[in-house]
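# Fold and contact review
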2 protein chains.
Amino acid sequence: MWQKTLDRVLRSLISNGALRVTYPDGTVRVYGNGTEPAPEIRIKDKALLARLCRNPELAFGEGYMDGAITTGDSTLEGVMRVTIRNVAQGNFPAVYYWKDRVHYLLRPILQRNTLRLARRNVAHHYDLSDDFYRLMLDEDMQYSCAYFATPDLTLDQAQAAKKAHIARKLYLKPGLRVLDIGCGWGGLALTLARDHGVKVTGLTLSQNQHDAATERAARAGLQDRVEIRLQDYRELEGEFDRVVSVGMLEHVGAPHYGEFFGKVASLLKPDGVALIHTIGRNGPPTNQSPWLKKYIFPGGYVPSLSELVEPIAHTGLWHLDIESLRLHYAMTLRCWLERFDENLDQIREMYDDRFIRMWRFYLTICMLVFEERDQTVFQLQLGHRRDAVPLTRNYLYAADGQMRDAAE
Amino acid sequence: MWQKTLDRVLRSLISNGALRVTYPDGTVRVYGNGTEPAPEIRIKDKALLARLCRNPELAFGEGYMDGAITTGDSTLEGVMRVTIRNVAQGNFPAVYYWKDRVHYLLRPILQRNTLRLARRNVAHHYDLSDDFYRLMLDEDMQYSCAYFATPDLTLDQAQAAKKAHIARKLYLKPGLRVLDIGCGWGGLALTLARDHGVKVTGLTLSQNQHDAATERAARAGLQDRVEIRLQDYRELEGEFDRVVSVGMLEHVGAPHYGEFFGKVASLLKPDGVALIHTIGRNGPPTNQSPWLKKYIFPGGYVPSLSELVEPIAHTGLWHLDIESLRLHYAMTLRCWLERFDENLDQIREMYDDRFIRMWRFYLTICMLVFEERDQTVFQLQLGHRRDAVPLTRNYLYAADGQMRDAAE
C-alpha cells in the first residue's frame, strides 16, 4: 500500500531528469524522462516506505545514514540533484508544500533561541573534533562561504580572498576596534589584527572554538590585539568601530532578527561600518530541511532577503551595499566534499560509517541547494551614516595600494 | 488660536538646529537651539496658520509658491534642511505620523494606476516644454540620478558615467535586444545602440518624449536600431535579452509592484539580465509628500527596499546585485538647481513666478531628502539564472577592454 503511494508521489515529483528506484520487493521503476542513464536509489527496508511518504526529507536522510537506502552505482550527488531540482520546481504533490507552510507559520515557536538553547545548538555542531574539521576545511579553518575572486582559486586562496574582500568592505584603518560575532576558530580575527592593525573582540559560544582561537592568537603573538570571548552577543555591551559577523546569522532564527540587527546597531559607533555575511534565499521564506535541523543545525534557519531587509529598516541603519555571492558556496562545499573524500581513511579512525554517511549527505545537499534551489550568500554592509563608506564601490575593486587613496 | 497651535507644533518639531519664524502679526519666535543664525520664514497670510497646523507639508509648499511664505534673507535650502531633518528624526507631534500611517494603509486605493491614469500622470510632468528641461538637465536630457564615479565630475560627465555603469551591469553584447521601460528623451537607448551595438525598444507614455526621442534616433542615423513606442509596458508582448528601466518605477505605485516585476520576468529571456534603477528608501515604508503628489508627481511613490524585495521574491528572479547609490541623487539635484538658477532669465520668459517658486521648492526638497532623510537610489540587477552575469562584480570595475575578457 505505501509502495503505491510512494510510486504516485515520485511520478508527480520527477519530471525534470530521471530517477531509478529499486523497491524492497525488487520492483524497479524509472521516473521522469532523462536521456542519460538515470541515477538510482535502492530502498532496502520495507518499513521505510511509509516514512518516505509521510516525511520524505527526514526519512530519506535517515535511510541513507542507516544504510537502508543506497545509491547503487550512482553518486549521492546525482540522486540528490534530480530530487532537489524537482522539489525546487514545485513538483511535489501540493500536500508537502502545505506542511511546509504550517511549519513556517509556527516559526515564532520552532525557532526560539534562548541564551541556553543557543549554546546547546552551537555545541552540537562546533564542538566536534577540531582534527576532523581540519581534514575538511582550509588551513585557516574558515567554516563559511569562500570568495572565488577568479574561478581557478584553490580553497585556501579563496578563503584568503574572502577575508580580504570582507576587510575591504569593513573599510579598516589601524587601531580601530572590531567586533567579530561568531568568530569560529578565530581565522578572520587574526587576519584582521595582523594585516590591518585593528583590535578584535571575537565572540563564540563554542568552548572548543574559544580555546582553539585563544591559543592561536597567543601563538601568533597577537594576544594584545585579539580577545576571544565565550559569550552570547546579546550579553555584550560597548561600542565598536566595526562589527563583522560571518556565517553566524544562520543560527539566530527569524524571530530574533529584530533583536540581532538592533544589537548590531547599538554596538556600532555613529560612523561605524558593519558587514553581515549570511546564507540567504532569493525567493519567499520557506522552511529548513527537517533532516538538517535534526542532525546538523538545530535552531538554524536560512532567511529570505525580505526577512533580513525588514528588520534592518527598523534599526535606522543604512544599506551601504548588498552583494549576493550566489555560486561561491556551492564551489566551497565542493572543495570540502573533495577534501572529506581524500581524507576518508583518517576520518574513519575518528567516526563510524553512519557519521560519515551523515556528513556526506549534509555536504552534498547543502552544495546542491546552492546550485538547484534559491539559496545564496548575502553580504550586507550597514552603517548609521550614508557616507560611512565612499560614494562608489570602486574602493572594493581597485588594485590594492591605490585602492584606499582613490577612495578618499 | 491657530498661531498658538503652530507655535506648539514648532516647539516640538525643531530640536536639531534652529528656525526663526515671523508670524503675520509681526511676532518673531526662534525655535530650537542653533548657535549659527537661524534660517528664517515669514508667514504673511493669517489664513495660512490653520492650514499649516492641519496639513503642514502641503500648506508650506503652497504658501511658498503663492508668496504667502518667504524666507527673508535665508535660503529655501537652509529653511527646509532644518525642517526636513527634524521631521526625519521623528520630532513632529505624533498625530502627524498617525495621519501618515492612515494614508499608508489606504495605498491600494490612493496609488491605483490604471492605464489611463498612468498616461495622465505622465503627461502632467513630462509634457512640460522640452526647452525648459534642456535648461535644467545635461545635454543628453537624463532626468534621473547621475553616477559620480569620482566626486569632481561635471553633470554631463556624471550622466555619461551613469549610462556606462548601467551598460556594464546589463552585460551587453552586440546584437542583443534591449527593452527600455520609461525611456524619457531616449538618451540611454541611443547610447546603448550606438556604443554597444544593441537593438533598443524604448517605451514612454509621454507624447512629447516619444516624438523627441524618435527624432533624435533619426538624426543619429540609428532609426533601424532604436524604436520608440508610445505604449504602457503592461501592454507589451515579446522577449528581450535585456530589460532596463531607469527612474520609471517611481511612477508605478506600490500596489502594482507584483505586476511590474512579473512583467519584467515574463519579458526577459531565460538567460537575460534586467536592471531596475529607482529611488527608494532605506527605512520602513512611508508616504509621499502630499505637496509633491499634488504638484509634481501625481501617482508617484518611493518604495522601501522591503517593498521591492518582496514582490521580486515571488517572480523567481535572482538578485544578481543590489547597489545603493545614496548621495548621488543629492549631487545630481544640486547640479540641476544650479543650472535652473543660472538660466532663470530664460525660464522667466517661459513661466511665471509661481511656477518658478514651485520648481525651486520641488528641486530643493528632493535634494534634501537624499541628504537628510532615508532616501537613496537602488539599482537592482535581476535575472532568471544565477549565472546570468559573472561570479564576481569585478567586471563592473575593471578598466574597460580588459573588463569583459577578465570576466569571461
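Remember, it's a predicted structure, so these values are computed and weren't measured experimentally.

Parameters and conventions
Within each chain, residues carry numbers counting from 1 in the order of the written sequence. Following the order in which they are written, the chains are lettered starting with A and the ligands numbered starting with 1. With pLDDT at 70 or above as the cut-off, local features in this predicted model cover only qualifying residues; side-chain atom pairs require 80 or more to be listed or tallied, and sums for whole chains, interfaces and linings still use all residues. Side-chain numbers here rest on the full set of heavy atoms in the structure, without hydrogens or water. Going along the chain from the N terminus, every DSSP run of H or I of four or more residues is numbered as a helix, and every run of E of two or more is numbered as a strand. Partly exposed residues are those whose accessible area sits between 20% and 50% of the maximum for their type, while under 20% is buried and over 50% is exposed, using a 1.4 Å probe and protein chains only. The contact criterion used is simple: two residues touch if any of their non-hydrogen atoms lie within 4.5 Å. Per-residue and other accessible areas follow the Shrake-Rupley method at a 1.4 Å probe size, with only the shown protein chains counted as cover for residues. Positive residues here are Lys and Arg, negative ones are Asp and Glu, while His and the chain termini are left out of the count. Think of each charge as sitting on NZ of Lys, CZ of Arg, CG of Asp or CD of Glu. Buried area counts how much accessible surface, traced with a 1.4 Å probe, disappears from two parts once they are put together, with both parts' losses summed. The working definition used for a salt bridge is a side-chain nitrogen of Lys or Arg within 4 Å of a carboxyl oxygen of Asp or Glu. For this analysis, a polar contact is any N or O atom pair within 3.5 Å, provided that within protein one partner can donate a hydrogen and the other can accept it, and provided that sequence-adjacent residues contribute only side-chain to side-chain pairs. What fixes the domain bounds is an automatic or database domain assignment. Think of it as three bins: nonpolar holds Ala, Val, Leu, Ile, Met, Phe, Trp, Tyr, Cys and Pro, charged holds Asp, Glu, Lys and Arg, and polar takes everything else, Gly as well. Only C-alpha atoms enter the line fits that serve as axes; for helices the fit covers just the stretch in contact. Angles between N-to-C directions range over 0 to 180 degrees. Note on convention: the crossing is left-handed when the near helix lies turned anticlockwise from the far helix by less than a right angle, right-handed when the turn is clockwise. Fitting of the copies onto one another was done by least squares over C-alpha atoms, counting residues only where both copies have pLDDT of at least 70. Like charges are joined within 9 Å and nonpolar side chains (Val, Leu, Ile, Met, Phe, Trp, Tyr) within 5 Å, but only among residues with over 30% relative accessible area and no salt bridge; these make up the patches. Between any two strands, at least two bridges found by DSSP are needed for them to pair. Note on terminology: disulfide denotes any pair of cysteine sulfur atoms within 2.5 Å.

## Some thoughts on the overall build of chain A
- The helix and strand inventory of chain A stands at 19 helices and 11 strands.
- Principal-axis analysis of the C-alpha atoms places the extent of chain A at approximately 70 × 45 × 40 Å.
- The buried share of chain A, reckoned over its 408 residues, is 60%.
- In chain A, 72% of the contacts between residues at least 6 apart in sequence involve partners at least 24 apart.
- If you sum the accessible surface of chain A, you get close to 16,600 Å²; carbon and sulfur atoms cover 51% of it.
- Mean positive and mean negative side-chain charge positions of chain A (51 and 51 charges, respectively) differ by 6 Å.

## Remarks on the interface of chain A and chain B
- Between chain A and chain B, the contact holds 43 residues from the first and 43 residues from the second.
- For the pair chain A and chain B, the summed buried area comes to about 3,600 Å², and 56% of that belongs to carbon and sulfur atoms.
- If you sort the residues of chain A by the area they bury against chain B, Arg 326, Arg 386 and Leu 391 of chain A come out on top, with a joint share of 23%.
- On inspection of chain A and its partner chain B, the count reaches four salt bridges.
- A salt bridge links Arg 393 of chain A to Glu 323 of chain B; the nearest nitrogen and oxygen atoms lie 3.5 Å apart.
- Between chain A and chain B we count 23 residue pairs in polar contact (both at pLDDT 80 or more) in total.

## A word on the domain arrangement of chain A
Residues and elements named next belong to chain A.
- Partitioning chain A into structural domains gives domain 1 (2-105) and domain 2 (115-407).
- Each of domain 1 and domain 2 has a C-alpha centre, and the two are 33 Å apart.
- On the side of domain 2, 24 residues touch domain 1, which itself brings 22 residues to the contact.
- Roughly 2,100 Å² of surface becomes buried between domain 1 and domain 2 when both sides are summed, with 60% attributable to carbon and sulfur atoms.
- Ranking the residues of domain 1 by area buried against domain 2 places Met 65, Ile 84 and Tyr 104 at the top, with a combined share of 30%.
- The tally of links between domain 1 and domain 2 comes to six salt bridges.
- When the shortest N-O distance is used, the salt bridge between Arg 334 and Glu 77 registers 2.9 Å.
- Its residues assigned to classes, the side of domain 1 that touches domain 2 comprises 10 nonpolar, four polar and eight charged.

## A word on the packing of helix α9 (residues 155-170) of chain B against helix α10 (residues 187-196) of chain B
Residues and elements named next belong to chain B.
- Between α9 and α10, whose axes approach to 11 Å, the crossing angle comes to 65°. Crossing angle aside, the handedness with which α9 passes α10 is right-handed. Across from Lys 163, Ala 167 and Leu 170 in α9, the residues of α10 making contact are Gly 187, Leu 188, Thr 191, Leu 192 and His 196.
- Partitioned by chemical class, the residues of the contact of α9 with α10 number four nonpolar, three polar and one charged.

## A closer look at the relation of the copies chain A and chain B
- Laying chain A over chain B is done by rotating through 180° and shifting 0.0 Å along the axis; what remains is an RMSD of 0.0 Å. Between the two chains, the operation in question is that of a two-fold axis.

## Section: a nonpolar patch on the surface
- The grouping of Val 102, Leu 106 and Ile 109 of chain B at the surface amounts to a nonpolar patch, some 280 Å² of accessible area in total.
- Its location among the elements puts Ile 109 of chain B in helix α6 (residues 107-110).

## Topic: the environment of Gln 381 of chain A
All names here are of chain A.
- Here Gln 381 shows up in strand β11 (residues 375-383).
- Along the primary structure Gln 381 and Ala 160 are separated by 221 residues, whereas in three dimensions their C-alpha atoms are 19 Å apart.
- Each residue touching Gln 381, except ones within four places of it in the same chain, is listed here: Lys 169, Val 273, Ala 274, Leu 275, Trp 318, His 319, Leu 320, Asp 321, Val 389 and Tyr 395.
- A polar side-chain atom of Gln 381 sits 3.0 Å from a polar atom in the side chain of Tyr 395.

## Some remarks on the sheet that holds strand β4 (residues 69-70) of chain B
Residue and element names in this part refer to chain B.
- Overall, mixed pairing links the four strands, which are arranged β2-β1-β3-β4 in an open sheet. Each of the sheet's edge strands pairs with one partner strand only, and the pair in question is β2 (28-32) and β4.
- Sheet topology places strand β3 (residues 40-43) next to β4; two bridges connect them, and they run antiparallel. Bridge pairing in β4 links Arg 42 to Thr 70.
- Docked against the sheet, helix α1 (residues 2-13) engages β1 (18-22), β2 and β3, running at close to 30° with respect to β2.

## Quick word on the state of the cysteines
Residue and element names in this part refer to chain A.
- A full pass over the atoms with the stated rule returns zero disulfides over all chains.
- The thiol of Cys 335 is unpaired, and the distance to the nearest cysteine sulfur, on Cys 145, comes to 11 Å.
- Cys 335 sits in the buried class, given a relative accessible area of 16%.

## A few points about the sheet that holds strand β1 (residues 18-22) of chain A
Residues and elements named next belong to chain A.
- What the four strands build is an open sheet, ordered β2-β1-β3-β4; its pairing is mixed. Strand pairing shows two members of the sheet lacking a second neighbour, β2 (28-32) and β4 (69-70), which therefore form its edges.
- Across the sheet, helix α1 (residues 2-13) lies against β1, β2 and β3 (40-43), angled at about 30° from β2, the strand it touches most.

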